[in-house]
Amino acid sequence: MSEQAAAVRSPRDEYWAAIEEGSLRFQACQECENRWLPPRDHCPRCLSGRFEWQTAGGEAEVMSWVIYHMEYGPNFHDRLPYNVALVRLVEGPQLITNLVKASSDDPEEPDLDSLKAGERVHLRIARWPDGPLLPLFAVSDRT
Amino acid sequence: MGHTAFGALPGRSTISMNVEACRAALQDAGIEKDLVDCVLVKFPTSKFEHMYGHKLSEALGLQPKITGVMDQAGASNIGHVAIAAMAIESGQCDVALISFADNPKSGVRSAYQQAQGDDAAFGWIGPPGGFAMVARQHMERYGTTSEQLAEIAVTCRAHGANNPNAQLRRPITVADHQASRMVVDPLHRDDCCLVSDGGAAIVVMSAERARQLNVPDPVPVLGFGQGHTGWEVRTRPDLTTTQAVVSAQTAFAMAGVSPKDIDVAQLYDCFTICLLITLESYGFCPPGHGGKFVEGGNIGPGGELPVNTSGGLLSETGMPGMQLIIEAVRQVRGTSVNQVKDAALAVVSNQGGIMQTHSTLVLGR
Ligand SMILES: [Zn+2]
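Residues numbered from 1 in each chain as written. Chains lettered and ligands numbered in written order. Predicted model: local features only at pLDDT ≥ 70, side-chain atom pairs only at ≥ 80, totals over all residues. Heavy atoms only, no water.

By the naming in an unreviewed UniProt entry, chain A goes by OB-fold domain-containing protein and is assigned to Nocardioides agariphilus.

Re the sheet that holds strand 1 (residues 25-29) of chain A
Residue and element names in this part refer to chain A. Condition: For two strands to count as paired, DSSP must find a minimum of two bridges between them. Each helix is a run of DSSP H or I of at least 4 residues and each strand a run of E of at least 2, with the numbering of both proceeding from the N terminus.
As summarised here, the arrangement of the three strands in space is 2-1-3, forming an open sheet in which the pairing is antiparallel. Lying at the two open borders of the sheet, with one neighbouring strand each, are strand 2 (35-36) and strand 3 (51-55). As paired elements, strand 1 and strand 2 share two bridges and run antiparallel to each other. Opposite Ala 28, over in strand 2, you have Arg 35 as the bridge partner.

A word on the pattern of salt bridges
We apply this condition: Just to be clear on terms, a salt bridge is a Lys or Arg side-chain nitrogen sitting within 4 Å of an Asp or Glu carboxyl oxygen. Only protein chains enter the accessibility calculation, which uses a 1.4 Å probe; a residue whose area is less than 20% of its type maximum is buried, one above 50% is exposed, and one in between is partly exposed.
Here the structure, examined in full by the defined rule, presents 22 salt bridges over all chains. Here Arg9(A) ties to Glu14(A) by a salt bridge, and the two come within 3.4 Å at their closest N and O atoms. Of the residues examined, Glu14(A) reaches a relative accessible area of 18% and is grouped as buried. Note that Asp342(B) and Lys341(B) form a salt bridge whose closest N and O atoms lie 3.3 Å from each other. Take Asp342(B) and Lys341(B): they sit in the same class, and that class is exposed. Salt bridges sharing partners connect three or more residues here, namely Arg9(A), Glu14(A) and Arg25(A).

Topic: the UniProt feature "domain: ChsH2 C-terminal OB-fold" (unreviewed entry) in chain A
The following threshold applies: UniProt positions are given in the numbering used here, feature names are shortened, and annotations may be inferred rather than shown by experiment.
Within the UniProt annotation, "domain: ChsH2 C-terminal OB-fold" (unreviewed entry) is assigned to residues 53-124 of chain A. Note that residues 53-124 of chain A is 0% helix and 46% strand, and that its end C-alpha atoms are spaced 19 Å apart.

What to know about the side chain of Arg209(B)
Residue and element names in this part refer to chain B. We apply this condition: Nitrogen and oxygen atoms within 3.5 Å of one another constitute a polar contact, given that in protein one can donate a hydrogen and the other can accept it, and given that sequence-neighbouring residues count only through two side-chain atoms. Any two residues having at least one pair of non-hydrogen atoms within 4.5 Å are treated as being in contact.
Note on placement: Arg 209 falls in helix 7 (residues 207-212). A polar contact is formed between the side chain of Arg 209 and the side chain of Gln 212, at a distance of 2.9 Å. In contact with Arg 209, not counting residues within four places along its chain, are Leu 35 and Asp 94.

Here's the deal with the sheet that holds strand 1 (residues 2-3) of chain B
All names here are of chain B. Selection criterion: For helices, the fitted axis covers only the stretch in contact; all axes are lines through C-alpha atoms, and the angles between them, taken along N-to-C directions, range from 0 to 180 degrees.
The sheet built from five strands is open, its strands ordered 1-7-4-2-3 with mixed pairing. Lying at the two open borders of the sheet, with one neighbouring strand each, are strand 1 and strand 3 (66-68). Relative to strand 7 (residues 198-205), strand 1 runs antiparallel, the two sharing two bridges. Opposite Gly 2, over in strand 7, you have Ala 201 as the bridge partner. Sitting on the sheet, helix 1 (residues 14-29) touches strand 1, strand 2 (38-41), strand 4 (95-102) and strand 7, and the angle it makes with strand 4 is about 140°. Against the sheet, helix 12 (residues 322-333) makes contact with strand 1, strand 4 and strand 7, and its axis sits at roughly 55° relative to strand 7, the strand it touches most.

What about helix 3 (residues 76-89) of chain B?
All names here are of chain B. Stated formally: Expected helix span is computed as 1.5 Å times (number of residues minus one).
Taking 1.5 Å of rise per residue, the 14 residues of helix 3 would be expected to cover 20 Å, and the 20 Å separating its terminal C-alpha atoms lies within 8% of that figure. Within helix 3, eleven of the 14 residues are buried, which leaves the element mostly enclosed by the surrounding structure. Listing the buried residues of helix 3 in full gives Ser 76, Asn 77, Ile 78, Gly 79, His 80, Val 81, Ala 82, Ala 84, Ala 85, Ala 87 and Ile 88. Positive backbone phi, at 80°, marks Gly 91, one or two positions downstream of helix 3.

Considering the domain arrangement of chain A
Residues and elements named next belong to chain A. Operational definition: Boundaries between domains were set according to an automatic or database domain assignment. Once two parts are put together, the accessible area they lose, assessed with a 1.4 Å probe and summed over both, is termed the buried area.
Here chain A is described as being made up of domain 1 (3-55) and domain 2 (59-139). Taking only C-alpha atoms into account, the centre of domain 1 sits 23 Å from that of domain 2. Counting residues at the interface gives twelve residues for domain 1, matched by eleven residues for domain 2. When domain 1 packs against domain 2, the two sides together hide about 940 Å² of surface, and 74% of this comes from carbon and sulfur. At the junction of domain 1 and domain 2, the tally comes to zero salt bridges. In this structure, the connection of domain 1 to domain 2 is made through one residue pair in polar contact (both at pLDDT 80 or more). Where the side of domain 1 that touches domain 2 is concerned, the elements lending two or more residues are helix 2 (11-20) and strand 2. Ranked by residue count, the leading element in the side of domain 1 that touches domain 2 is helix 2, at four residues.

Quick notes on the layout of surface pockets
All names here are of chain B. Note the following rule: Here the term cavity refers to a set of points on a 1 Å grid, laid over the protein atoms alone, in which a 1.4 Å probe fits but cannot get out; the term pocket refers to an open set having protein on both sides within 12 Å along at least five of seven lines, with lining residues being those that place an atom within 4 Å of a point. Grid points are joined across faces, edges and corners, and a volume is the space filled by probe spheres set on the points. Under the scheme applied, nonpolar residues are Ala, Val, Leu, Ile, Met, Phe, Trp, Tyr, Cys and Pro; charged residues are Asp, Glu, Lys and Arg; polar residues are all the others, including Gly.
Reported here for the second largest pocket is a volume of approximately 670 Å³. As for the second largest pocket, its lining consists of 29 residues, of which Val 204, Met 205, Val 219, Pro 220 and Val 221 are closest to the centre. Of all the elements in the fold, those that place two or more residues in the lining of the second largest pocket are helix 1, helix 3, strand 7, helix 7, strand 8 (221-226), helix 12 and strand 11 (357-364). Of the residues assigned to the lining of the second largest pocket, the class counts are 23 nonpolar, one polar and five charged.

Let's talk about empty space enclosed by the protein
All names here are of chain B. All told, the structure shown has one cavity of 30 Å³ or more when counted by the stated rule. Computed from the structure, the largest cavity encloses a volume of approximately 50 Å³. In terms of lining, the largest cavity is formed by Thr 242, Ala 244, Cys 274, Ile 277, Thr 278, Ser 281, Gln 351, Met 355, Thr 357 and His 358. Sorting elements by how many residues they give to the lining of the largest cavity places helix 9 (residues 272-281) first, with four residues. Residue composition of the lining of the largest cavity, by class: four nonpolar, six polar and no charged.

Focus: the packing of aromatic side chains
Using the following cut-off: Note on aromatic contacts: the rings of Phe and Tyr and the six-membered ring of Trp form a pair at centre separations within 6.5 Å, being stacked when their planes are under 30 degrees apart, edge-to-face when over 60 apart, and tilted otherwise. In this analysis the charged atom, NZ for Lys or CZ for Arg, is taken to sit over a ring once it is within 6 Å of the ring centre and within 35 degrees of the ring normal.
Counted by the stated rule, this structure contains ten aromatic pairs over all chains. Centre to centre, the rings of Tyr68(A) and Tyr82(A) are 5.0 Å apart; their planes meet at 5°, and the pair counts as stacked. With Tyr68(A) in strand 4 (residues 59-68) and Tyr82(A) in strand 5 (residues 82-89), the pair connects residues that are 14 residues apart, well separated along the chain. When its relative accessible area of 0% is taken as the criterion, Tyr68(A) is described as buried. Assessed through its relative accessible area of 0%, Tyr82(A) is described here as buried. Relative to Tyr282(B), the ring of Phe252(B) has its centre 6.1 Å away and its plane inclined at 85°; by these criteria the two rings are edge-to-face. With a gap of 30 residues between them, Phe252(B) in helix 8 (residues 244-255) and Tyr282(B) in the loop between helix 9 and helix 10 (290-293) connect regions that are remote in the sequence. Under the relative-accessibility criterion, Tyr282(B) is labelled buried at 3%. By way of ring pairs, the aromatic residues Tyr68(A), Tyr72(A), Phe76(A) and Tyr82(A) are connected into one cluster. Seen from the ring of Trp128(A), Arg79(A) lies directly overhead, with NZ or CZ sitting 3.7 Å from the centre. Across from the ring centre of Phe43(B), 4.9 Å away, lies the NZ or CZ of Lys42(B), which sits over that ring.

So this is what it looks like as C-alpha cells:
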C-alpha cells in the first residue's frame, strides 16, 4: 500500500479490514498502558496519537446481554428474537457482539436461559446470512 | 410555568407548541413577554434544527440578550435552568424563558430508532436495547427483578390515572406489566415511556425581581448540579451507576440538604430501570437496593418517597423532562393532583441518551 493510501485509512477502516482477514484487533497506546476499542485516532487516556494494533486472543467475558423481540432497524426481522451482548476481552477492551452457539459452524442463536454475567465466551469471526463478517462470540452449549 | 396538552397533536409544529407553552408560562408568572431577555430551548429531539433558539425568539417576537440551545439530550431542561440562574446572578440577563416541545408521535420519530454506529450490524439499535443492557447487569449483580421494575410502572401509572392532563390514564398491576409484551428482554412494553407530542415552559428570575413584579407563588430554586457519564454503553466499565451521583451531590450541597430531607421526587423514567438507578445514585438507598426500595408502595402516596406524582414519562407524557420540573413546582405550591402533604422540598432529575447525561434540580422553601 502506498504511503498516501495508508494515510487516508482511518483506524476504523483498519479495524474492519482486519476482521475481513479473520482477526479481531484492538489499539494499544505506545505512551501509556491503555488498550481500547472502538477504534479512534487518539488514546482516550493520555491523548497520544501513537498506537499499535494488537490481535485479541479471543477470550472474553459476558458483561451483559439483551434479547430483541421487536424490530428496531431494517434487516433484523427474520432473526427475531436475537441477542446482543456486551463483552470484555481478557486484554481489557469491550465490544458489542452477538452470542452464538459453539456447536455449529454457521452462526446460530443460542439458548441463553441459564447464561450468567461473567461467563467465558470465545471469538468466532463469521457472518449472518447476507451480512458482513463480524466478531461474534460463542457461548458453550447448554446441557 | 405552563404547558400544552400531551399526547397526539397532529398538524402542530414544534415552534407552535413552544409558543403555546411559553404563553401559558408567562400568564402563570403574571408578566408581560417584553420583560423576557433570555430564551433557552432544547431543539426538538426528533428533528435537529440549527439556531432553534433564534427561531423560537422570532416566533415570540423577542430579540433577547441571550438565546441558544444546549445539547444535553434529556438533561437539557435542567441544564438550561442552571444557565439561566447563573446568567441572572451575573447580571447578563433578567428574566429567562425556558421551553421545550417536540412532536415525535405525529411527526418524524427516526431519531429514536437510530443505529449505534458500526454496532448496528449486530442489531444494536435504539434506546430500549441500551436500557435493557443496563437492566440486565443490575439484575445479574444485585438480583433486581422484573417485578420490582414493574412496581415503578404501577406507581407512575396510578399517579397518571389521577392526572386529567396525562396521556395514558389506565392504571396497571404488576401482573399486567408482566403480561405486557417483551420489547427487549429483560424490558417489557410497560417498562418503556410514552411517545408524545407536547410542549412545556417555565420562567426563571431572581427572587428579588419576582417580589418587584408581584409574581404569584414563585417557587425558589435551591440547588442544581450536573454530571455527565458521556461514554457509550459499549465503553462503560460499569453500567449500573453513572455521574448522576455527582450531579445529585452538587445539587444537594448547593441547596444545603440531604436525600432524607426530600419530600417528593420527580425522577426521569424513560425506562423503569433509569428511575431505579437514580434512586440509588441520589442516595435514597444504597447501590443495589433500588429494587427493594420501590417495593410495597414505598414510592407511592404515603410512602417513604413519593415519586413522579403527575405520572412521569411512563404515564403523563414521554417528552423529556420539563413536565417533571413543572410537577415539582406544583408540589411545592401544593397544587398537585397527587399532592404530598406539606411538601416543602422537591428534587427533579433529568437525563439523556442511555444515561450519558444527567442534571439535578432542587426546588423548595
Ligand atoms: Zn495512552
